[in-house]
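Single-letter residue listing:
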Amino acid sequence: IIIITSSFVTLFKFLPKPVLGSIVCVGILNLMDIAAIKKIWKISKKDFIVLCCTILMTLIIGIDYGVLVGVIGSLLMFIYQSTQPQYGRIGKTKDNKYEFVGLLNKDENDIAQVRNDILILRWDEVLFFGNSQIFKDKIKRDMIKFMDSCDDYMNEWCMILCFDSI
């Protein structure tokens, strides 16, 4: 391979630069997995945006800075998702499943019903120091909202924290 490559290098000297550029582009396109990119688009739009930024920065600035943009973008997205988890009140549906209140609003019959004496809250993220204050603030806010909505909150009531996803 080395002998063949070294003998053809002299032929590349006479090719115009656009032809050499197209050879490089074809080589780059063969390195990219288009099926994986389509799959990322279907699974997560945020990951797809980070991928596009990484590819663009790699082509515009260079591979070092392009990879750096991709790593920083992924870290920022991870931090954002960790601090903004899916969280909410849970109610019972007509088929005895517990779901988030307000997410099943396709039909009035599918809306999860809540009880006035039980506050069930679900947290769908790992609980760690980065989101613990957000967790406490949301719990306090929902407890106050729950107590304000009850006519007589001096009666017995309970709060259930659901950590199924952890």
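Rules behind the numbers
- The residue numbers shown here count from 1 along each chain, following its written sequence.
- Restriction of local features to residues with pLDDT of at least 70 applies here, the model being predicted, together with a cutoff of 80 or more for giving and counting side-chain atom pairs; totals for whole chains, interfaces and linings are based on all residues.
- Hydrogens are left out, water is left out, and the side-chain values use all remaining heavy atoms of the structure.
- Inter-axis angles, ranging from 0 to 180 degrees, are taken between N-to-C directions of lines fitted to C-alpha atoms, where helices are fitted over the stretch in contact.
- A run of H or I in DSSP becomes a helix once it reaches four residues, and a run of E becomes a strand once it reaches two; helices and strands are each numbered from the N terminus.
- Every angle not falling under 35 degrees, over 145, or within 65 to 115 is termed oblique; those three ranges are roughly parallel, roughly antiparallel and roughly perpendicular.
- The contact criterion used throughout is that any non-hydrogen atoms of two residues lie within 4.5 Å.
- Only Asp, Glu, Lys and Arg are considered charged, only Ala, Val, Leu, Ile, Met, Phe, Trp, Tyr, Cys and Pro nonpolar, and every remaining residue, Gly among them, polar.
- The aromatic pairing rule takes the rings of Phe, Tyr and Trp, using the six-membered ring of Trp, and pairs them if the centres are within 6.5 Å, calling planes under 30 degrees apart stacked, those over 60 edge-to-face and the rest tilted.
- Exposure is judged per residue with a 1.4 Å probe applied to protein chains only, and the accessible area is read against the type maximum: over 50% gives exposed, under 20% gives buried, and values in between give partly exposed.
- A ring has a charge above it when a Lys NZ or an Arg CZ is no more than 6 Å from the ring centre and no more than 35 degrees off the ring normal.
- Residue count minus one, scaled by 1.5 Å, sets the expected span of a helix.
- The directions from the helix axis to the C-beta atoms are what the arc is built from.
- Definition used in this section: a nonpolar core is a set of buried Ala, Val, Leu, Ile, Met, Phe, Trp, Tyr and Cys residues joined via side-chain atoms within 4.5 Å.
- Each crossing gets its handedness from the near helix: less than a right angle anticlockwise from the far helix is left-handed, clockwise is right-handed.

Caption draft 1: Up close: the packing of helix α3 (residues 34-43) against helix α4 (residues 45-60). Following both chains from N to C, one finds α3 and α4 inclined at 140 degrees, their axes separated by 6 Å at the closest point. As the angle between them shows, α3 and α4 are arranged oblique. Of the residues in α4, those touching α3 at Ile 37, Ile 40, Trp 41, Lys 42 and Ile 43 are Lys 45, Asp 47, Phe 48, Leu 51 and Ile 55. Taken together, the residues that form the contact of α3 with α4 break down as seven nonpolar, no polar and three charged.

Caption draft 2: Structural context of the packing of aromatic side chains. Taken as a whole and judged by the stated rule, the model has four aromatic pairs. Seen from their ring centres, Phe 128 and Phe 129 are 5.5 Å apart, and the 85 degrees between their planes marks the pair as edge-to-face. With relative accessibility at 77%, the residue Phe 129 sits in the exposed group. When the centroid spacing of 5.8 Å and the interplanar angle of 45 degrees are considered together, the rings of Phe 135 and Phe 163 count as tilted. Taken as a pair, Phe 135 in helix α6 (residues 132-149) and Phe 163 in the segment after β4 (158-162) lie far apart in primary sequence, 28 residues in all. On the basis of relative accessibility, which here comes to 30%, the residue Phe 163 falls in the partly exposed class. Linked through ring pairs, Trp 123, Phe 135 and Phe 163 together constitute an aromatic cluster. For the cation-ring pair, Lys 45 lies above Trp 41, with the distance from its terminal atom to the ring centre recorded as 4.2 Å.

Caption draft 3: View of α4. Its 16 residues place the ends of α4 22 Å apart at the C-alpha level, agreeing with the 22 Å of an ideal helix rising 1.5 Å per residue. Every buried residue belonging to α4 is among Phe 48, Val 50 and Thr 54, and all of these are buried. An end-on view of α4 places all buried positions within 160 degrees of arc, on one side of the element. Away from its buried face, by an angle of more than 90 degrees, α4 presents the exposed residues Ile 49, Leu 59 and Ile 60. Buried residues along α4 sit in contact with α3 and α5 (63-83).

Caption draft 4: Broad picture of the nonpolar core. Ranked by size, the top nonpolar core spans eight residues in total: Tyr 87, Leu 119, Leu 121, Trp 123, Phe 135, Ile 139, Phe 146 and Cys 150. Elements that contribute at least two residues to this core include exactly β3 (118-123) and α6. Filtering out sequence-adjacent residues up to four positions away, Phe 146 remains in contact with Arg 89, Arg 115, Asn 116, Asp 117, Ile 118, Leu 119 and Trp 157.

Caption draft 5: How the structure looks around the packing of α4 against α5. Their axes nearest at 7 Å, the elements α4 and α5 cross at an angle of 160 degrees. With respect to α5, the axis of α4 lies roughly antiparallel. Crossing handedness for the pair α4 and α5: right-handed. When α4 is examined against α5, the residues Lys 46, Asp 47, Val 50, Cys 53, Thr 54, Met 57 and Thr 58 are found in contact with a partner set consisting of Ile 63, Gly 66, Val 67, Val 69, Gly 70, Gly 73, Ser 74, Met 77, Tyr 80 and Gln 81. Of the residues assigned to the contact of α4 with α5, the class counts are eight nonpolar, seven polar and two charged.

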